[in-house]
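Structural description and commentary
So you can see what is in the structure, the chains are spelled out below.
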Amino acid sequence: MIRRIGVIVVGTALLAAAMWLKQIEPQAHSHDTQPLRNSGRIGQSISNSAFSLRVDGVELARSLKASGASAGRANVTTDGVFVIVHIQAKAAQKPYQMDHVRLESGEYTFTDNGRSYSLSTADGTYEPMIWRKAVAGFEIPRNRLAGARLVVGQGGLLTQLSAETAVDLLITPGKAADMIAHAVDGYDPGSTG
């Protein structure tokens, strides 16, 4: 009988301790594990612990020249614009692979998926001390060009607390209107890189 009461008391104490420990577990919020972002602007060499990045220029296109298996077909058009970002990158100490290359404008994020994928050459491995040119292409609505910034992160299995760089493309509303007015028709993706 005393043994049974002892088991109940110990069991209750362990249950209470478990409930107390559950309440004090650390809270991890999604913004606490985001990549560590540093920033700069077009033309600057921006470095972090994993890589250095520089945006050399931005071009716009209203349409892309068909290439590869679809050569000879009509140009690929868009209701928005194709944004072609010319970049250079190099690894800091060990080989680096770009990951989650995207264009951010306000609360909107655009990736290089879809029809602009043929523009992008930012894959592959970047070596230390050797600048390598690449291109990132995006298809975006015309009204999202002003204020856009390129964001490039570090590849790998876990991106939490990894290195990430944001580059302000310095596109004001006036400059965006001028760039859109002078966007190229039939941009040749084969000429990128």
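Going by the structure above, here's the rest.
Attention here is on the structure that accompanies the text. (Residues numbered from 1 in each chain as written. Predicted model: local features only at pLDDT ≥ 70, side-chain atom pairs only at ≥ 80, totals over all residues. Heavy atoms only, no water.)

Notes on the packing of aromatic side chains
Taken as a whole, this structure holds 2 aromatic pairs when the rule is applied. On the basis of an interplanar angle of 15 degrees and a centroid distance of 4.3 Å, the ring pair of F51 and Y96 is categorised as stacked. Taken together, the residues F51 in strand β3 (residues 51–64) and Y96 in strand β5 (residues 96–105) connect sequence positions 45 residues apart. Neither F51 nor Y96 differs from the other in exposure class; each is buried. Between the aromatic rings of Y96 and Y126, the centroid separation amounts to 6.0 Å while the plane-to-plane angle is 45 degrees, which identifies the pairing as tilted. A residue pair is termed long-range when its members are at least 10 positions apart, and Y96 in strand β5 and Y126 in strand β7 (residues 125–126) qualify at 30 residues. Residue Y96 shares its accessibility class with Y126, and that shared class is buried. When the ring centre of W131 is taken as reference, the NZ or CZ atom of R54 above it lies at 5.0 Å. Above the ring of Y126, the side-chain terminus of R132 is found at 4.3 Å from the ring centroid. (Phe/Tyr/Trp six-rings, centres within 6.5 Å; stacked < 30°, edge-to-face > 60°. Helix = DSSP H or I, 4+ residues; strand = E, 2+ residues; numbered from the N terminus. Buried < 20%, exposed > 50% of the residue type's maximum accessible area, 1.4 Å probe, protein only. Lys NZ or Arg CZ within 6 Å of the ring centre and 35° of its normal.)

Here's the deal with the pairing of strand β9 (residues 149–154)
Bridge count for β5 against β9 is 5 bridges, and the pairing is antiparallel. What sits directly across from E104, in β9, is R149. Pairing between β9 and strand β10 (residues 163–168): 5 bridges, direction antiparallel. Within β10, the position partnered with V151 by the bridge is A166. (Pairing = 2+ DSSP bridges.)

What about the sheet that holds strand β4 (residues 76–91)?
Here 4 strands make up an open sheet; going across it, the order is β2-β3-β4-β8 and the pairing antiparallel. Two strands bound the open sheet, and with one partner strand each, they are β2 (45–47) and β8 (132–140). When the angles between neighbouring strand axes are averaged without regard to direction, this sheet yields 35 degrees. Pairing of β3 with β4 involves 12 bridges; the strand directions are antiparallel. Its bridge partner being in β4, R54 is matched across the sheet by Q88. Here helix α2 (residues 173–181) sits on the sheet in contact with β3 and β4, set at roughly 50 degrees to β3. (Axes fitted to C-alpha atoms, helices over the stretch in contact; angles between N-to-C directions. Contact = heavy atoms within 4.5 Å.)

Focus on α2
Here α2 has its buried residues at A176, M179 and I180. Relative to the axis of α2, the buried residues are bounded by an arc of 95 degrees and lie together on one face. Among the exposed residues of α2, those oriented more than 90 degrees off its buried face are G174 and A181. Where the residues of α2 are buried, they touch β3 and β4. (Arc of directions from axis to C-beta.)

Brief notes about the pattern of salt bridges
Applying the stated criterion across every chain yields a total of 7 salt bridges. Across the salt bridge formed by R62 and D185, the nearest N and O atoms sit 3.2 Å from each other. Highlighted residues: R62 in strand β3 and D185 in the segment after α2, separated in sequence by 123 residues. Residue classification places R62 among the partly exposed residues on the basis of a relative accessible area of 27%. (Salt bridge = Lys/Arg side-chain N within 4 Å of Asp/Glu carboxyl O.)

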